[in-house]
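Descriptive analysis of the structure
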Amino acid sequence: MDKLSWTHYQCILAVLMVVTGSFNTLSVKYADKQVVAGQDGVPRHFNHPFMQSSFMFLGEMLCFIIFKIAYCYYCRKDDGSVDNNVLTKGSRNFNAFILFIPAMCDMLATSIMYVGLNMTYASSFQMLRGAVIVFTGILSMGFLNRTFGGREWTGIVFVMIGLALVGLSDMMIKKDDDTSLNSILTGDLLIICAQVITAVQMVIEEKFIAGQDIPALQAVGWEGIFGFIGICLVMIPLNFIYAPPPFADNSRGTLEATADAFVQIGNSGRLLMAIVGIAFSIAFFNFAGISVTKEISATTRMILDSIRTIVIWAFSLIFGWQDFHYLQLIGFAILLIGMCCYNNVVIPQLAKKCLLYLMRKRRAPDEERIVNIAADDIQESI
């Protein structure tokens, strides 16, 4: 990756990011799979993506509490450790509202993705999130005045091909009795559409936040506060908007039924465990992700996110949440190649080495022929 050797802290961050990120997606899907009685006593799947989004932001808010505890602790020590400790070091005095717009983007994108995840497979959910590269690239050219070369465009093309193959594999994977093809394709499209909002978030963060050395826990905490307040306000009208399945499958028949969600959680210990897992895993995952970007690089974060996709895919197959299809493997491989090309990792370097090797191999016979001709000329002159 970026460094020949990592510190123990960087290794812990990398493992923490992969483990908690994988656990978070699997927890959300596990909650979706639970069939529990709601307010009307009828057993249904836990179809409450907006509530799940609120639990995610609640988990991010925990980071703010942890930051405040750590900050007060190291301030009381009065030995300068508050400015050196990994949890609190950085620029702590900033306008928190610079994180408001990214938090709103995160709120919308996460809610839409959770709606999509409820309709499709967990592995596809993770793979299709790679579409963010395409939209981020387009927006970066328009708003960050960034110019792309052949490597970036090659990466984007590979990503688009990989996404198409992943979508095609979803159509061909053997489906459960209660899962329709239209539902799966709708879920896939919702996840891809959500990446447009995620791309907007990334561009805004790069333009206005990247230069500020904000402590990771504090940044995640503020985004959690804004996101939680925002999703709670959004859920109020959603409780009164009626929609057909699979968009709404609860006792009220509305896009969200908050009271019904709490009744289902209270009726199932497994569902409660999944919700707790969502909250705590996202807190650790976001802290680890931001810390990896600061301590190592954004490229390393992308590679670790790809490893997370493999873990989620493997567990989905083990749990029987989906069947294996070779097209999904090919699609993921092409998607990974595209992401590596775009981020200038491994693939471009291998391509250059192969090109140099072929050029040397082609040049060798010509050089040998020139030497032989020269030797013959010398022999004739003698």
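Since we're looking at a predicted model, the values are computed, not measured.

Thresholds applied
Residues numbered from 1 in each chain as written. Predicted model: local features only at pLDDT ≥ 70, side-chain atom pairs only at ≥ 80, totals over all residues. Heavy atoms only, no water. Helix = DSSP H or I, 4+ residues; strand = E, 2+ residues; numbered from the N terminus. Contact = heavy atoms within 4.5 Å. Areas by Shrake-Rupley, 256 points an atom, 1.4 Å probe, with all protein chains shown as cover. Patch = residues over 30% accessible without salt bridge, like charges linked within 9 Å, V, L, I, M, F, W, Y side chains within 5 Å. Salt bridge = Lys/Arg side-chain N within 4 Å of Asp/Glu carboxyl O. Core = buried A, V, L, I, M, F, W, Y, C linked by side-chain atoms within 4.5 Å. Buried < 20%, exposed > 50% of the residue type's maximum accessible area, 1.4 Å probe, protein only. Phe/Tyr/Trp six-rings, centres within 6.5 Å; stacked < 30°, edge-to-face > 60°. Polar contact = N/O pair within 3.5 Å; in protein donor to acceptor, adjacent residues only side chain to side chain. Axes fitted to C-alpha atoms, helices over the stretch in contact; angles between N-to-C directions. Parallel < 35°, antiparallel > 145°, perpendicular 65-115°, else oblique. Left-handed = near helix turned anticlockwise from the far one by under 90°. Nonpolar A, V, L, I, M, F, W, Y, C, P; charged D, E, K, R; others polar. pLDDT = per-residue confidence, 0-100.

**Observations regarding the overall build of the protein chain**
- Along its length, the protein chain carries 13 helices and two strands.
- The principal-axis extents of the C-alpha atoms in the protein chain amount to approximately 105 × 65 × 40 Å.
- In the protein chain, 79% of the contacts between residues at least 6 apart in sequence involve partners at least 24 apart.
- Carbon and sulfur atoms make up 67% of the accessible area of the protein chain, which amounts to about 19200 Å² in all.

**Concerning a nonpolar patch on the surface**
- A surface patch of nonpolar side chains, amounting to about 470 Å² of accessible area, comprises Leu 317, Phe 324, Tyr 326, Leu 329 and Ile 330.
- It is helix 12 (residues 326–342) that provides the largest number of residues to the nonpolar patch, a total of three residues.

**Topic: the pattern of salt bridges**
- Under the definition given, this model contains four salt bridges.
- Residues joined in a network through salt bridges with shared partners are Asp 40, Arg 44 and Asp 249.

**Looking at unusual backbone geometry**
- Going from Pro 245 to Pro 246, the amide bond is cis rather than trans, its omega being 5°.
- Its location among the elements puts Pro 246 in the loop between helix 8 (216–238) and helix 9 (258–267).
- You will see that Asp 78, though not glycine, has its phi angle at about 50°, which is positive.
- Relative to the helices and strands, Asp 78 resides in the loop between helix 2 (49–77) and helix 3 (100–117).
- Phi angles above zero are rare outside glycine, and Asn 145 is one such case at about 55°.
- Note that Asn 145 resides in the loop between helix 5 (132–143) and helix 6 (150–172).

**What to know about the nonpolar core**
- Grouped together as the largest cluster of nonpolar side chains are 80 residues, with contacts concentrated most on Phe 46 and Val 159.
- Among residues more than four places away in sequence, those in contact with Phe 46 are Ala 31, Asp 32, Gln 34, Gln 52, Asn 118, Ala 261, Gln 264, Ile 265, Leu 271 and Ile 275.

**Some thoughts on the packing of aromatic side chains**
- Taken as a whole and assessed by the stated rule, the structure comprises 13 aromatic pairs.
- A centroid spacing of 5.4 Å and a plane angle of 40° characterise the contact between Phe 97 and Phe 226, whose relative ring orientation is tilted. With Phe 97 in the loop between helix 2 and helix 3 and Phe 226 in helix 8, this pair connects stretches of sequence that are 129 residues apart.
- A residue is classified by how much of its surface remains accessible, and Phe 97, at 57% relative accessible area, is exposed.

**Considerations on the side chain of Ser 54**
- Mapping Ser 54 onto the fold places it in helix 2.
- Of note is the side chain of Ser 54, whose polar atom sits 2.5 Å from the backbone oxygen of Met 51.
- With residues near it in sequence (within four places) discarded, Ser 54 still touches Phe 228, Ile 231 and Met 235.

**Topic: the environment of Val 196**
- With respect to the helices and strands, Val 196 occurs in helix 7 (residues 181–208).
- Taking relative accessible area as the criterion, Val 196 reaches 34% and is therefore assigned partly exposed.
- Distance from Val 196 to Gly 80, taken between C-alpha atoms, is 43 Å for residues 116 residues apart in sequence.
- In this structure Val 196 touches Phe 135 and Leu 139, once residues within four positions along its chain are discounted.

**Points about the packing of helix 3 against helix 7**
- For the pair helix 3 and helix 7, interaxial distance at closest approach is 8 Å and the crossing angle is 165°. The angle between helix 3 and helix 7 falls in the class roughly antiparallel. When you trace helix 3 past helix 7, the crossing you get is left-handed. Seen from helix 3, the contacting residues are Ile 101, Pro 102, Cys 105, Asp 106, Leu 108, Ala 109, Ile 112, Met 113, Val 115, Gly 116 and Leu 117; seen from helix 7, they are Gly 187, Leu 190, Ile 191, Ala 194, Gln 195, Ile 197, Thr 198, Val 200, Gln 201, Ile 204 and Glu 205.
- Residue composition of the contact of helix 3 with helix 7, grouped by class: 15 nonpolar, five polar and two charged.

**So, the confidence of the model for the protein chain**
- Residue-level pLDDT values for the protein chain average 86, and 91% of them are 70 or greater.
- Averaged pLDDT values for the elements of the protein chain fall to 65 in helix 13 (residues 347–381) and rise to 96 in helix 9.

**Section: the environment of Ala 279**
- Position of Ala 279 relative to the elements: it lies in helix 10 (residues 269–295).
- Look at Ala 279 and you get buried, because its relative accessible area is 10%.
- In the structure, Ala 279 is positioned 227 residues away from Gln 52 in sequence and 8.8 Å away in space, judged by C-alpha atoms.
- Excluding its chain neighbours within four sequence positions, the residues that come into contact with Ala 279 are Phe 55 and Gly 59.

**With respect to the environment of Asp 213**
- Examined against the element boundaries, Asp 213 turns out to sit in the loop between helix 7 and helix 8.
- Here Asp 213 falls in the partly exposed class, since its relative accessible area comes to 43%.
- In this structure the C-alpha to C-alpha distance between Asp 213 and Met 51, which are 162 residues apart in sequence, comes to 32 Å.
- Setting aside anything within four residues of it in sequence, one finds Asp 213 in contact with Gly 90, Ser 91 and Lys 294.

**Considering the packing of helix 2 against helix 8**
- Their axes nearest at 7 Å, the elements helix 2 and helix 8 cross at an angle of 150°. When the axes of helix 2 and helix 8 are compared, the pair comes out roughly antiparallel. Between helix 2 and helix 8 lies a crossing of left-handed hand.
- Looking at the contact of helix 2 with helix 8, its residues break down into 17 nonpolar, six polar and two charged.

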